[in-house]
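Coordinate analysis (summary)
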Amino acid sequence: MSNEDFSIENAVLGNVLSFPNESRVVMESLSEDDFLNPKNKVVFRALKEIYDAFVKEASHRPFDLDIATVIDHLAKSKEKSKAGGESHIEYLQAAAIGNTNLDSYIRKIKNATLVRKCIVTFDTFKNIYNEKALDFSVFLGQVEQQIVSITRQREVTEFSKISDALEQMAVDFKNPTNNVYTGFDEFDRITEGFQPGYLCILAARPSVGKTAIAINFALNVALKNRAVGIFSLEMDKKQIAMRMLQNRSMVDGKGIHQVFEEKNDKSEEVLSNKTAVYKGIDRLKNLPIFIDDSPGQKLSDILAKSRKLKAACPNLSLIVIDYIGLIVPDVTRKDGNRQQEVAQISASLKGLAKELAIPVLALSQLSRGVDQRKNHSPELWDLRESGAIEQDADQVFLLYRPDYYRNDDDSKKKDETEVPSPADTEVSPISKVILNIAKNRNGRTGIVEFEFDKPHCHFEIPDLSMEDILNDN
C-alpha cells in the first residue's frame, strides 16, 4: 500500500473524529478489514463499537464524539497502545479532509480492499494449481467464479446522462466566476483564465522569470479574496515573501534590506521606502496565501496537504507548484526511468486538479536544446523529462525572454557555429517577456507580451495602443 493510501485511511478516520455526525457514512460503509494500517484497524474497531452502541440507543440526537471518549474506550478494551496511543489519535484528527471528497475516499479504500482480495485469491489458486491435478476447464471456471464475485463488490463511479452533463455545462458557463482570472486582461481574454480541474504547465529555462510570473498570478488571484496554496520546493518562504513584498511595495531588494536594517538612516529615499514597504506588508499580511516550503517533498505529501488545505479553506482557488522536477516520486523506479516517474507525477497532479475542482499551476523546466538553437523560442517538445507532461496538461505556457541570451553580431563571433549563451549581465532592469500559450485544451492559443520589472518582481502587459501613438509621432 502506498503512502497515499495510508494518508487516505488517516484522513477518513480523522473525519470521523473531527466531524462525527457528518461522517456516519464511514461507519456504515467500511469494515475493519478495509484498513491496512494495524493502528487504524484498532482505531476503526473502537469507533465502530462506539457508533454501534449509539445506534442501539435509537437516539435521534446527532452522533457526537470526542478524543477523550475514544481514548477511554481503547483503554478499557486494553488496546490503547495497539492504536498508537493518544499521539496517533491526535494525528488522525489533524488529518481530517472535510466532507467534500469523503465519498471518493471511501470508494478508494473499498477498492484497495478488493485489490488485496484479488492478490490473495491469485496466490490461493496458484497453490491449488501446483498441488492438485485439476482439469483446465474446472480450474478456470473456479478462477472466473471467484474473480467475478470480488469484482461485483467494486465501488465504481456512476455514468451520467448527456442531459445532466449539458445542464452542468450551461451552469458553469453562466457562472464564469468559477474560472480563476490572473488579472492580466490579454492573457485572460485568450485563455478564459485558469479553469477548475485544469492542470496548467508554465515552462521556461532557468532564470527567465517563471517563478516571478507565477507569483504575480498568485498575488492577483489572492487580491480577489480567493485563496492560493504555494508549494515552493526550490525557494524558502522568506524568499517568496520578499518577492511578493517587492511587487506590492515597488521597492527593490536592496531598498527593503535598508528599511529593516537597524540603522538610523533618515535619508529621504530610506524614509520613502519605509513607508512603501510597510504599506506593502499591510496589503500582503491579510491575503489568503499559504506557502509550504518543505524541500524534497514526495508526491503523496503534496496531494495530502492540498486536500487538507482545501478542507480547511473552502475558497481555495489555485495551487502553485514550483517546480515539478523537484517532486520526489513515492516509489523510485529501479530502472531509473525518470520519464516514467514524471509521467506518474503529472497524471497525479491532473487527478488532484479534478478532485479538488481547482486549477493546479505546475512550473517546469525546458530542456537545454532551447539554448543550442539559433532561434531560442521554446516549443512544446522542449518540455523537459517527459512528453506525458504535455499530454496531461490542459494548458501549457512557454516563457521566453529575448535578453536572456547574448546576441553578439556575426563579426564578433569566434566560430560561425557558435550559438548564443545565457547572458551573464542584464542590460536593463525592464525586460520583454513573451508568453506563448502553446496548448489550450478548450480554447485558443496565442502570444502575450509582458514587461518584466525584475527589481520589483512585477509583470504587466504594456499599453500597446499608447506605444503605437508614440511610434506614429
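Residues numbered from 1 in each chain as written. Predicted model: local features only at pLDDT ≥ 70, side-chain atom pairs only at ≥ 80, totals over all residues. Heavy atoms only, no water.

1. A short note on the overall build of the protein
We apply this condition: Note on conventions: DSSP H or I runs of at least 4 residues are helices, E runs of at least 2 residues are strands, and numbering of each starts at the N terminus. Type-normalised accessible area, obtained with a 1.4 Å probe on protein chains alone, sets the label of each residue: buried when under 20%, exposed when over 50%, and partly exposed for intermediate values. The contact criterion used is simple: two residues touch if any of their non-hydrogen atoms lie within 4.5 Å. In these tables, accessible area is a Shrake-Rupley quantity obtained with a 1.4 Å probe, and a residue counts as shielded only by the protein chains included in the view.
Across its full length, the protein carries 18 helices and nine strands. Of all 473 residues assigned to the protein, the portion counted as buried reaches 43%. Nonlocal contacts in the protein, meaning residues at least 24 apart in sequence, comprise 71% of its contacts between residues at least 6 apart. In the structure as shown, the protein presents an accessible area of about 25,800 Å², 51% of it carried by carbon and sulfur atoms.

2. Some points on the sheet that holds strand S8 (residues 446-453)
The test is simple: By definition, two strands form a pair when at least two bridges between them are found by DSSP. Axis angles are defined between N-to-C directions and span 0 to 180 degrees, where every axis is a line fitted to C-alpha atoms and, for a helix, only to the segment in contact.
If you walk across this open sheet you meet the nine strands as S3-S2-S4-S5-S1-S6-S7-S8-S9, and the pairing is mixed. Taken across any chain shown, the strands that pair with only one partner, and hence form the sheet edges, are strand S3 (289-292) and strand S9 (458-460). Strand-to-strand, the axes of this sheet are offset by a mean angle of 25°, without reference to chain direction. Across the sheet, helix H11 (residues 237-249) lies against strand S2 (227-232), S3 and S9, angled at about 145° from S3, the strand it touches most. Lying on the sheet, helix H14 (residues 299-312) is in contact with S2, S3 and strand S4 (316-322); it crosses S4 at an angle near 155°.

3. Some thoughts on a nonpolar patch on the surface
Going by this rule: Like charges are joined within 9 Å and nonpolar side chains (Val, Leu, Ile, Met, Phe, Trp, Tyr) within 5 Å, but only among residues with over 30% relative accessible area and no salt bridge; these make up the patches. Within this document, salt bridges are pairs made up of a side-chain nitrogen of Lys or Arg and a carboxyl oxygen of Asp or Glu, the two lying within 4 Å of each other.
A cluster of nonpolar residues, Ile-162, Leu-166 and Met-169, forms a patch on the protein surface that exposes about 310 Å² of accessible area. Residue placement: Leu-166 occurs in helix H8 (residues 162-174). On the basis of relative accessible area, Leu-166 is assigned to the partly exposed category, the value being 46%.

4. So, the pairing of S8
In this structure, strand S7 (residues 430-440) lies alongside S8, joined through eight bridges in antiparallel fashion. Directly across from Ile-434, in S8, lies its bridge partner Glu-449. A loop of five residues connects S7 with S8, the two strands running antiparallel in sequence. Two strands pair when backbone bridges link them, and S8 and S9 are joined in this way by three bridges, in the antiparallel orientation. What sits directly across from Asp-453, in S9, is His-458. Counted between consecutive antiparallel strands, the loop separating S8 from S9 contains four residues, among which Cys-457 sits at a positive phi close to 45°.

5. Structural notes on the confidence of the model for the protein
Heads up, the rule is: Each residue gets a pLDDT score, which is the predictor's confidence in that residue and runs from 0 to 100.
Looking at the protein, pLDDT values average 80 and 80% of them are 70 or higher. Contacts for the low-pLDDT stretch residues 408-425, under 50 throughout, to residues beyond four places or in other chains number 22 contacts. Taken together, the stretch residues 465-473 has pLDDT below 50 and engages in zero contacts with residues farther than four places along the chain or on a different chain.

6. Re the packing of aromatic side chains
So the rule is basically this: Planes of paired rings set the category: under 30 degrees apart is stacked, over 60 is edge-to-face and the rest tilted, where pairs are Phe, Tyr or Trp rings (Trp by its six-membered ring) whose centres lie within 6.5 Å.
Following the criterion strictly, the structure yields twelve aromatic pairs and no others. Taking the centre distance of 6.0 Å and the plane angle of 70° together, the rings of Phe-187 and Phe-194 count as edge-to-face. Taking the relative accessible area as the measure of exposure, Phe-187 reaches 0% and is therefore buried. Its relative accessible area of 0% is what places Phe-194 among the buried residues. Judged by centre distance (5.1 Å) and plane angle (65°), the ring pair of Phe-187 and Phe-397 falls under edge-to-face. Linking Phe-187 in helix H9 (residues 185-191) with Phe-397 in strand S6 (residues 395-400), this pair joins segments that are 210 residues apart in sequence. Neither Phe-187 nor Phe-397 differs from the other in exposure class; each is buried. Put simply, the rings of Phe-184, Phe-187, Phe-194, Phe-217, Phe-397, Phe-450, Phe-452 and Phe-459 touch in pairs and so form one group of aromatic residues.

7. A word on the packing of helix H12 (residues 253-260) against helix H13 (residues 268-285)
Operational definition: Each angle receives one of four descriptions, namely roughly parallel if under 35 degrees, roughly antiparallel if over 145, roughly perpendicular if within 65 to 115, and oblique otherwise. In this count, Pro and Cys sit with the nonpolar residues alongside Ala, Val, Leu, Ile, Met, Phe, Trp and Tyr, while Asp, Glu, Lys and Arg are called charged and the others, Gly among them, polar.
Where H12 contacts H13, the two axes come as close as 9 Å, and the packing angle between them is 95°. Here H13 runs roughly perpendicular to H12, going by the angle between their axes. Note on element contacts: H13 touches H12 through Val-270, Asn-273, Lys-274, Val-277, Tyr-278 and Ile-281, opposite Gly-255, Ile-256, Gln-258, Val-259 and Phe-260. By residue class, the composition of the contact of H12 with H13 is seven nonpolar, three polar and one charged.

8. What to know about unusual backbone geometry
Look at the link from Asp-322 to Tyr-323: it is a cis peptide, with omega at 0°. Among the secondary structure elements, Tyr-323 is positioned in the loop between S4 and helix H15 (338-356). One non-glycine residue, Ser-207, adopts positive backbone phi at about 70°. Here Ser-207 shows up in the loop between strand S1 (199-204) and helix H10 (210-222). Despite not being glycine, Ala-357 has its phi angle at roughly 60°, a positive value. Looking at the element boundaries, Ala-357 is found in the loop between H15 and strand S5 (360-365).

9. Concerning the pattern of salt bridges
This model, assessed by the stated rule, comprises 14 salt bridges. Here Asp-72 makes a salt bridge to Lys-76, at a shortest N to O gap of 3.3 Å. Remark: Lys-76 and Asp-72 occur in helix H4 (residues 67-76); sequence separation between them is four residues, near one turn of the helix. Overall, Lys-76 belongs to the exposed group, its relative accessible area being 65%. The salt bridge involving Arg-441 is made with Asp-394; its shortest N-O contact spans 2.7 Å.

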